[in-house]
Amino acid sequence: MSSEVSLSERGNLTVQRLEAALGRLINGKPERTPNDGKISLSRINKEAGLSSGGIYYYAEFVDKARKEIEKHNSQKSTYSSTSSKIYIDRLRAQRDKERELKERYRSQRDEIKKFCDQVVARNANLEFSLYEALERIDALEAEVKKVKVVELDRGKKC
């Protein structure tokens, strides 16, 4: 399988997938691998969605890819430092945003816990006040039962 002419239809499709993956990596728009500017045969293989080592069945493509990788690496020396900085800055901004969100959520959680504690304390106070009021009512009812009520006549009836 050293010549692309002798490749089967499936082999030609695989080579097309490999070329498309190489193009995406060179253009900096990979779909299956991280966009960090690095290109290797292994990464091309992963980007094309092939099984481990599948790229090595296509020797002509491997030779072509190695040349493209060398050319890309020589050109990216200045580009990679700026793209790496941009990527790192983006990651740092995302990290800072996540920290801010976590702090906000923690403060909201603490405020909700504080509010819940206040509600529970208020509820306990109300229940105790109700208990005391019911005890006082029972005491007053018992006192009323002890007292005899006598009817008073205020005059003679004719």
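As the structure is a prediction and not an experimental result, all values here were calculated from the model. (Residues numbered from 1 in each chain as written. Predicted model: local features only at pLDDT ≥ 70, side-chain atom pairs only at ≥ 80, totals over all residues. Heavy atoms only, no water.)

> Tell me about the overall build of the protein chain, residues and numbers included.
Across its full length, the protein chain holds three helices and zero strands. Ordered by position from the N terminus, the helices and strands of the protein chain form the series α-α-α. Across the 158 residues in the protein chain, those meeting the buried criterion constitute 18%. Across the protein chain, contacts joining residues at least 24 apart in sequence account for 47% of those joining residues at least 6 apart. (Helix = DSSP H or I, 4+ residues; strand = E, 2+ residues; numbered from the N terminus. Buried < 20%, exposed > 50% of the residue type's maximum accessible area, 1.4 Å probe, protein only. Contact = heavy atoms within 4.5 Å.)

> Describe the side chain of T33, listing the residues and the values that go with them.
Take T33: it is sitting in the loop between α1 (9–27) and α2 (41–48). Classification of T33 as buried rests on a relative accessible area of 11%. Side-chain polar atoms of T33 contact the side chain of E47, separated by 3.0 Å. Ignoring any residue separated from it by four or fewer positions in sequence, one finds T33 in contact with L25, R43, K46 and E47. (Polar contact = N/O pair within 3.5 Å; in protein donor to acceptor, adjacent residues only side chain to side chain.)

> So what's going on with the layout of surface pockets? Which residues, and what values?
Size it by volume and the second largest pocket reaches roughly 210 Å³. If you trace the second largest pocket, you find 11 residues lining it, with R10, G11, T14, Y57 and Y58 closest to the centre. For the lining of the second largest pocket, the class distribution of residues is five nonpolar, five polar and one charged. (1 Å grid on protein atoms, 1.4 Å probe; cavity = no way out; pocket = protein on both sides within 12 Å on 5 of 7 lines; lining within 4 Å. Points joined across faces, edges and corners; volume = space filled by probe spheres on them. Nonpolar A, V, L, I, M, F, W, Y, C, P; charged D, E, K, R; others polar.)

> Go over empty space enclosed by the protein with me, naming the residues and quoting the values.
One pass over the full model with this rule turns up two cavities of 30 Å³ or more. A volume near 40 Å³ is recorded for the second largest cavity. L25, G28, P30, P34, N35, D36, G37, K38 and R43 are the residues that line the second largest cavity. Partitioning the lining of the second largest cavity into residue classes produces three nonpolar, three polar and three charged.

Everything listed here is a matter of geometry and, on its own, says nothing about what the molecule does.
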